[in-house]
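# Descriptive analysis of the structure
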Amino acid sequence: MATLNFKPTILTLFLSSLLILFASCKNDEDNTKEAEEIEVSQTMNAELTAPPLVPKPTGRRKAKKLVVDMEVIEEESEMTDGVKYVYWTFDGTVPGSFIRTKVGDEVEFHLKNHPDNKLPHNIDLHAVNGPGGGAESSFVAPGHEVVFSFKVLNPGLYVYHCATAPVGMHIANGMYGLILVEPEEGLPEVDREYYIMQGDFYTKGSFGEPGLQPFDMQKAIDEDADYVVFNGKVGSMTGDNALTAEVGETVRLYVGNGGPNLVSSFHVIGEIFDKVYVEGGELVNKNVQTTLIPAGGAAIVEFKIEAPGEYILVDHSIFRAFNKGALAQLKAEGKENKKVFSGKIEEGIYQPEGGGIQEMPVDEDELAASRPSDNPDLEEKMELGKNIYGRTCVACHQANGQGIPQVFPPLAEADYLNEDVKRAIDIVLHGKSGEITVNGETYNSVMTAQNISDQEVANVLTYIYNNWGNNGTEVTEEMVKAQRRN
Amino acid sequence: MYKPVLLGICFLIMASGFSQESEMAEIEGGTYIPLYGNDSLPVSVENFKIDKYPVTNREYQMFVQENPKWKKSEVKALFADARYLDHWKNDTELKSDELENAPVTNVSWFAARAYCKWKGKRLPTLDEWEYVAMADKETADARKKDGYNEFILSWYEKPKSFHQEVGSTYENYWGVYDMHGMVWEWTADFNSVIISGETRRDENQDNNLFCGSAAIGSSDLMNYAAFMRYAFRSSVKGNYSIRNLGFRCAQDSNEKENSANEAL
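Thresholds, definitions, all that
- Residues numbered from 1 in each chain as written.
- Chains lettered and ligands numbered in written order.
- Predicted model: local features only at pLDDT ≥ 70, side-chain atom pairs only at ≥ 80, totals over all residues.
- Heavy atoms only, no water.
- Core = buried A, V, L, I, M, F, W, Y, C linked by side-chain atoms within 4.5 Å.
- Buried < 20%, exposed > 50% of the residue type's maximum accessible area, 1.4 Å probe, protein only.
- Contact = heavy atoms within 4.5 Å.
- Disulfide = S-S within 2.5 Å.
- Helix = DSSP H or I, 4+ residues; strand = E, 2+ residues; numbered from the N terminus.
- Pairing = 2+ DSSP bridges.
- Salt bridge = Lys/Arg side-chain N within 4 Å of Asp/Glu carboxyl O.
- Polar contact = N/O pair within 3.5 Å; in protein donor to acceptor, adjacent residues only side chain to side chain.
- UniProt positions renumbered as here; feature names shortened; annotations may be inferred.

Within soluble globular proteins, side chains that are nonpolar tend to cluster in buried spots. By size, the foremost hydrophobic cluster in this structure holds 136 residues, and its most contacted members are Phe109, Leu125, Leu253 and Phe266 of chain A together with Tyr60, Trp186 and Phe247 of chain B. Not counting chain neighbours up to four residues away, the residues in contact with Leu253 of chain A comprise Tyr194, Ile196, Leu243, Phe266, Ala299, Ile300, Val301, Phe303 and Leu313 of chain A. Residues Ala424, Leu461, Ile464 and Trp468 of chain A belong to the second largest nonpolar core, which totals 27 residues.

What follows is the structure, given as structure tokens:
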């Protein structure tokens, strides 16, 4: 009986949803039709901005003929400290310039290919209604310019990219950006707007391997990224380049994902998105923690900053953030708001992740056999220390002790480390938070206390001190013991 | 006995300032299957000769001196666009940081053709060029070797590779240098293969130039390396003068090099 009763309800639901569907379809058609009819009044040169900046809102202006001037530049630049890469770019930045339009605008697009470039390029704008999104009509040889035009009909945030063969390679080298189409009345006003785009990069050498790194086609095909970054390089928006805002302000981020392969789980540590324009379209979701941004897609996120401090923007596929570069900072200044965030109530070191806490059951005999001798010589210590480093320290301080610029201090040739071995032991044993200066750069992060034995501390520090240009100190178990607090 | 004689000839030639122009390699004809073939049928190539090196700035200077209508200041726009010899200071001199012995670039197809004609030669056909370019150091057709393709792909990533003296890349199986790794090169029928630049569309066209969908969907590096060369060719027109585009000349194997020039 219950099922019988159910049926009419389902049917009604079904019918009404169909109705809604049709209604909305009709609506969309109407809108596009209307947009097509919008007359443009004047010609205007589009303001184009390099990331992370965004052009001025279109506000209440009427639809115009908008001239967009863009140049393709193939150039060498820095992926991270000591690592160079040849980027292919729109306007010399990755992502390329932000284009801001309004429904009804007629865009006259001038695409120039710099004479020194080696390759022909083109542009496919996802905001274009027409075959190939402009790609075919925009194919341009080095040293030449093409002009094509289109009318923007659908509001939203769209990706543009190069679609010349092989498409994957052009995108992997940085040829993407965002074009915003505002609705006729403009987007609601906010206090700050920024432009961020994620991309994955594939290099011959693995993450951090210095020198000019060529593109690795095989890794790209295998989707085995060495770098996953915001705005084309590691640290594009950290330290001095961090985004800024003030407490009480509403921040809007235009977030795109160039790919070529990876989908982003975009998240801001310490914030909840008040609003997300899902996939950059009309649908608005509220109170979102992490939003999915497909490769070749985008989202608009908005949040009000309630408390001062540093907010970290990440791809919450989290190894990408801490090991491959997908990390940016937003610094908010202003008065503390105890109602929202109490601040520190109790001082302490958070230590859930140290080496010894997550224990797996072990075979005691095997363990005894594998245990290092009580008085290891230097060589043995180095070997053991290397292993500890590999599982405990490498995530933050990186494989060659180079750290992550502005976030985690280096251990390689580090003055702070070499100055004071007791202090170094103390930090490993008890953790460290607050500002320190290493090789002239200031860092303000937290290192957790490491829950490892005295001998392990001695080994890992000996390993660190005898590598990467450090002073060769041999740390003994006794030295470690002396620093233990009881 | 052979070597000293050759060496002597080299010196003679160099002394007269024509170090490379009479150096052509004999290419034994054969058949090959182009990657882009819409029918995958083998294409046959006759015996021919091809310059061992791309034509250099220095060689081109001599051409311009003898053929004033190809001077930078006098060339017609129909035959060479505004970037023609853009890296030259004037009609006769290079800009200061340019190399005399680097390949001449910023020359149009018309200009390249005229140069070869002046030499009693011609531009290689696309098939001839591709046939010679299949070779690596050891084999005539190295297209399936990883190293061969990686070299080409890494060149695409290298900025300003036109700024090298000819002969700086490898000598291939035929004794020809710089087919890859330096500059693009004009061929007589460069535009006989047309792609629109919209690869996703090209795939569906009747005149599909690629091995089915292989060029797009495949993990085959070989196709990528060649694909970009065809994409480049299809983006240019005869009067385009491009910084990364030079040329070399070819000749039917029964013809002699221009005796007028040898007499100089």
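Looking now at the state of the cysteines. Residue and element names in this part refer to chain B. Scanning the model with the defined rule gives 1 disulfide over all chains in all. Put simply, Cys116 and Cys249 are joined by a disulfide, and their sulfur atoms are 2.1 Å apart. Taking the sign of the S-S torsion, -85° for the link of Cys116 and Cys249, the bridge is left-handed. Of this pair, Cys116 sits in helix H3 (residues 109-118) while Cys249 sits in the loop between strand S6 (245-246) and strand S7 (250-252), and the two are 133 residues apart along the sequence. You can call Cys116 buried: its relative accessible area is 0%. Residue classification places Cys249 among the buried residues on the basis of a relative accessible area of 0%.

Further remarks concern the sheet that holds strand S9 (residues 156-161) of chain A. Residues and elements named next belong to chain A. The mixed open sheet is built from 5 strands, whose spatial order is S2-S5-S10-S9-S7. Where the open sheet ends on each side, the last strands, each with one partner, are strand S2 (48-49) and strand S7 (124-125). When strand S5 (residues 98-102) meets strand S10 (residues 176-182), the two strands line up parallel, connected through 4 bridges. When the sheet's bridge partners are listed, Thr101 is paired in S10 with Val181.

Glancing now at the interface of chain B and chain A. In this complex, chain B contributes 33 residues to the contact, which on the side of chain A involves 32 residues. Across the contact surface, chain B and chain A share 1 salt bridge. One salt bridge in this structure joins Asp116 of chain A and Lys160 of chain B, with 3.0 Å as the shortest N-O distance. The interface formed by chain B and chain A includes 9 residue pairs in polar contact (both at pLDDT 80 or more). Where the side of chain B that touches chain A is concerned, the elements lending two or more residues are helix H5 (146-156), helix H6 (199-202) and helix H8 (221-234) of chain B. The greatest single-element share of the side of chain B that touches chain A, amounting to 7 residues, is contributed by H8 of chain B.

Next up on the list: the UniProt feature "binding site: Cu cation" (unreviewed entry) in chain A. All names here are of chain A. In the numbering adopted here, UniProt assigns the feature "binding site: Cu cation" (unreviewed entry) to His121, His126, His161, Cys162, His170, Met175 and His316. As for its position among the elements, His126 is in the loop between S7 and strand S8 (144-151). Under the relative-accessibility criterion, His126 is labelled partly exposed at 31%. Sequence-distant contacts of His126, defined by excluding residues within four places in its chain, comprise Tyr158, Val159, His161 and Gly296. Secondary-structure assignment places His316 in the loop between strand S21 (309-315) and helix H4 (319-323). Overall, the relative accessible area of 40% leaves His316 in the partly exposed class. Excluding residues that lie within four positions of it along the chain, His316 makes contacts with Ser265, His267 and Thr290.

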